[in-house]
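Chain residues, written in single-letter form:
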Amino acid sequence: MRVQVGIIGGGPAGLLLSQILHRAGVDNVVLEARSRAYVLSRIRAGVLEWGSVEVLRSAGIGERMDREGHVHDGTGIAWSGRGRFFIDTRKYAGKPMMAYGQTNITEDLFAARDAMGGLVIDEAEDVTPHELNGERPYLSYRKHGETQRIDCDFIAGCDGFHGVSRSVIPASVLHTVEKLYPFGWLGVLSETPPLEEIVYARHARGFALASQRNPMLSRYYIQCPLDTQIEDWPDDKFWAELKARFPPELADRIVTGPSIEKSIAPLRSFVAEPMRYGRLFLAGDAAHIVPPTGAKGLNLAISDVFYLSRALIAHYRGNDGYLERYSDMALRRVWGAARFSWWLTLLLHRFPDQTEFDERARESELDYLARSEHAQRSLCEQYAGLPFED
Ligand code: RFL
Ligand code: PHB
């Protein structure tokens, strides 16, 4: 088989890239290691920046999002002992946010790929990129015990943090920067009506978050130690701990019910640079991870794909400028989101070794945010997402 672009990974980044390229007449194939059912069972992100909403709409997959997604003005911060604070992106950044689950976006992308006859090969084993520094790179993989080969002009590594793409870049070329946090998030999905707005809660017992997927589907998280076992968190214990971290008036409004999914994610910041090696281009979690505080991971995957699709389409129209600038352009946005997610994580979480000074400095920062319109504008500009570069 021969295609213009071979895409490794059928998560949101890979499927969206495939969709945008196909609509622009650039033929491509997606190789996904897991089954489609497995990909669709992953519960992850839920909050979209407006720039991401517009990219999804222009890729032709905005219809259900516009019907079922929840447009809102921003996110609340509840801080025990202090007044409620609201990150008002509509007021200070001129843009609302959209609550719409990553699972739904992935479903919409699969449906759109099927409708256009897009090629998504799932359960592809041992996917390996070759000849990345030559003119004729290719991908090999195994399916049903047989080895297959796909020749391409370019390869897009959209295979997430544990994928193969980043690992084939020589250590002499790839520079990685990492920060691990001494805690994770325990998340629960339940078929209960959510709070009207998304709320981050800062509490002496640890951080908590109330989020939403649709009018009868809620997503909640609590900060937990890294050695937490899901078996040690039956639903009753989870709900009691969650409510203990919210101010009583909000805790009273949280509707509890049986969990339908429960998972733990450790928090990490990670950036790999450059995001290009010869004819291989990285996009999404394959190149970077941010802690989920700030809801930037999926949005970064979408902005990488926006830049990469524009660059590849321009290449086939005779202009290589964007392709040459892809890594630098994407990394500027990545570092902006990495800094913001790190800062918001520091502000809102309880660190095991924190001192009274750390705590008082955080309280002072929140008080400053609450008082200063300049500070709120800066926070909202970053939460809502910086504009894409031309
Ligand atoms: P994905 O989603 O990991 O998809 C990569 C795909 O590649 C496949 N793969 C391979 N395929 C072929 N060969 C190989 N060798 C392969 N290795 C892997 C995998 O099976 C998979 O299907 O990466 P992608 O597409 O870059 O998308 C990134 C997002 O998934 C991620 O950034 C977000 O989920 C992060 N995130 C959030 N982002 C937001 O913007 N807003 C949020 O509200 C938000 N909340 C979250 C989050 C992530 C979380 N977790 C679990 C880490 C909340 C949580 C709890
Ligand atoms: C979610 O809805 O899963 C979510 C919302 C906000 C975040 C992270 C995750 O910052």
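Refer to the structure presented above.
This section reports on the structure supplied with the text. Quantities reported herein were computed from a predicted structural model and do not represent experimental measurements.

Things to note about the pairing of strand β16 (residues 217–224)
1) Next: Within β16, eight of the eight residues are buried, which leaves it mostly tucked inside the rest of the structure.
2) Next: Residues L217, R219, Y221 and Q223 line one face of β16 and the alternating positions S218, Y220, I222 and C224 line the opposite face, and both faces are buried.
3) Next: One ladder, built from seven bridges, connects strand β13 (residues 175–190) with β16; its direction is antiparallel. Each bridged residue has a counterpart across the sheet, and for G187 the counterpart in β16 is Y221.
4) Next: Sheet analysis places strand β15 (residues 208–214) next to β16, joined by six bridges and oriented antiparallel. Paired with L209 across the bridge in β16 is Y221.
5) Next: Taking the residues between adjacent antiparallel strands as the criterion, β15 and β16 are bridged by two residues.

Quick word on the pattern of salt bridges
1) Next: A full pass over the atoms with the stated rule returns 32 salt bridges.
2) Next: Across the pair E241 and R205 runs a salt bridge, and its minimum N-O distance is 2.9 Å. Taken together, the residues E241 in helix α7 (residues 235–245) and R205 in the loop between β14 (199–202) and β15 connect sequence positions 36 residues apart.
3) Next: Exposure remark for E241: the relative accessible area of 11% places this residue in the buried category.
4) Next: By relative accessible area, which is 47% here, R205 ends up partly exposed.
5) Next: When the shortest N-O distance is used, the salt bridge between R332 and E389 registers 2.8 Å. Taken together, the residues span a long stretch of sequence, with R332 in helix α10 (residues 321–348) and E389 in the segment after α12 (373–384) at a distance of 57 residues.
6) Next: A relative accessible area of 25% means that E389 is categorised as partly exposed.

Side note on the packing of aromatic side chains
1) Next: In total, this model carries 17 aromatic pairs according to the counting rule given.
2) Next: Arranged with centres 6.3 Å apart and planes meeting at 80 degrees, the rings of F154 and Y316 form a pair that is edge-to-face. Taken as a pair, F154 in strand β12 (residues 154–157) and Y316 in helix α9 (residues 297–316) lie far apart in primary sequence, 162 residues in all.
3) Next: A residue is classified by how much of its surface remains accessible, and F154, at 4% relative accessible area, is buried.
4) Next: A relative accessible area of 27% places Y316 in the partly exposed class.
5) Next: Relative to W239, the ring of Y220 lies with its centre 5.4 Å away and its plane at 80 degrees, an arrangement referred to as edge-to-face. Remark: W239 occurs in helix α7 and Y220 occurs in strand β16; sequence separation between them is 19 residues. The same class applies to Y220 as to W239, namely buried.

A few points about the packing of helix α1 (residues 12–23) against α9
1) Next: Two numbers describe how α1 lies on α9: the axes approach to 9 Å, and their chain directions differ by 30 degrees. When the axes of α1 and α9 are compared, the pair comes out roughly parallel. In the packing of α1 onto α9, the handedness of the crossing is right-handed. The segment α1 lies against α9, with P12, A13, L16, L17, I20 and L21 engaging L298, A301, I302, V305, L308, S309, L312 and I313.
2) Next: When grouped by side-chain class, the residues that make up the contact of α1 with α9 number 13 nonpolar, one polar and no charged.

Looking at unusual backbone geometry
1) Next: The step from E273 to P274 runs through a cis peptide bond, and the omega angle for that step is -5 degrees.
2) Next: Position of P274 relative to the elements: it lies in the loop between β17 (259–273) and β18 (276–277).
3) Next: Positive phi is not limited to glycine here, since H144 has a value of about 50 degrees.
4) Next: Relative to the helices and strands, H144 is located in the loop between β10 (138–143) and β11 (146–151).
5) Next: Under the relative-accessibility criterion, H144 is labelled exposed at 73%.

Notes on the site of ligand 1
1) Next: Around ligand 1 lies a shell of 33 residues, among which E32, R42, Q102, D285 and L298 are the nearest.
2) Next: With respect to ligand 1, the side chain of E32 contributes an N or O atom lying 2.6 Å from an oxygen atom.
3) Next: Protein coverage of the free-state accessible area of ligand 1, which is 1,000 Å², stands at 86%.
4) Next: Put simply, the parts of the chain that give the shell around ligand 1 at least two residues each are α1 and α9.
5) Next: When residues of the shell around ligand 1 are assigned to their parent elements, the largest contribution, three residues, is made by α9.

Cut-offs and rules
- Residues numbered from 1 in each chain as written.
- Chains lettered and ligands numbered in written order.
- Predicted model: local features only at pLDDT ≥ 70, side-chain atom pairs only at ≥ 80, totals over all residues.
- Heavy atoms only, no water.
- Buried < 20%, exposed > 50% of the residue type's maximum accessible area, 1.4 Å probe, protein only.
- Helix = DSSP H or I, 4+ residues; strand = E, 2+ residues; numbered from the N terminus.
- Pairing = 2+ DSSP bridges.
- Salt bridge = Lys/Arg side-chain N within 4 Å of Asp/Glu carboxyl O.
- Phe/Tyr/Trp six-rings, centres within 6.5 Å; stacked < 30°, edge-to-face > 60°.
- Axes fitted to C-alpha atoms, helices over the stretch in contact; angles between N-to-C directions.
- Parallel < 35°, antiparallel > 145°, perpendicular 65-115°, else oblique.
- Left-handed = near helix turned anticlockwise from the far one by under 90°.
- Contact = heavy atoms within 4.5 Å.
- Nonpolar A, V, L, I, M, F, W, Y, C, P; charged D, E, K, R; others polar.
- Near = heavy atom within 4 Å.
- Polar contact = N/O pair within 3.5 Å; in protein donor to acceptor, adjacent residues only side chain to side chain.
- Areas by Shrake-Rupley, 256 points an atom, 1.4 Å probe, with all protein chains shown as cover.

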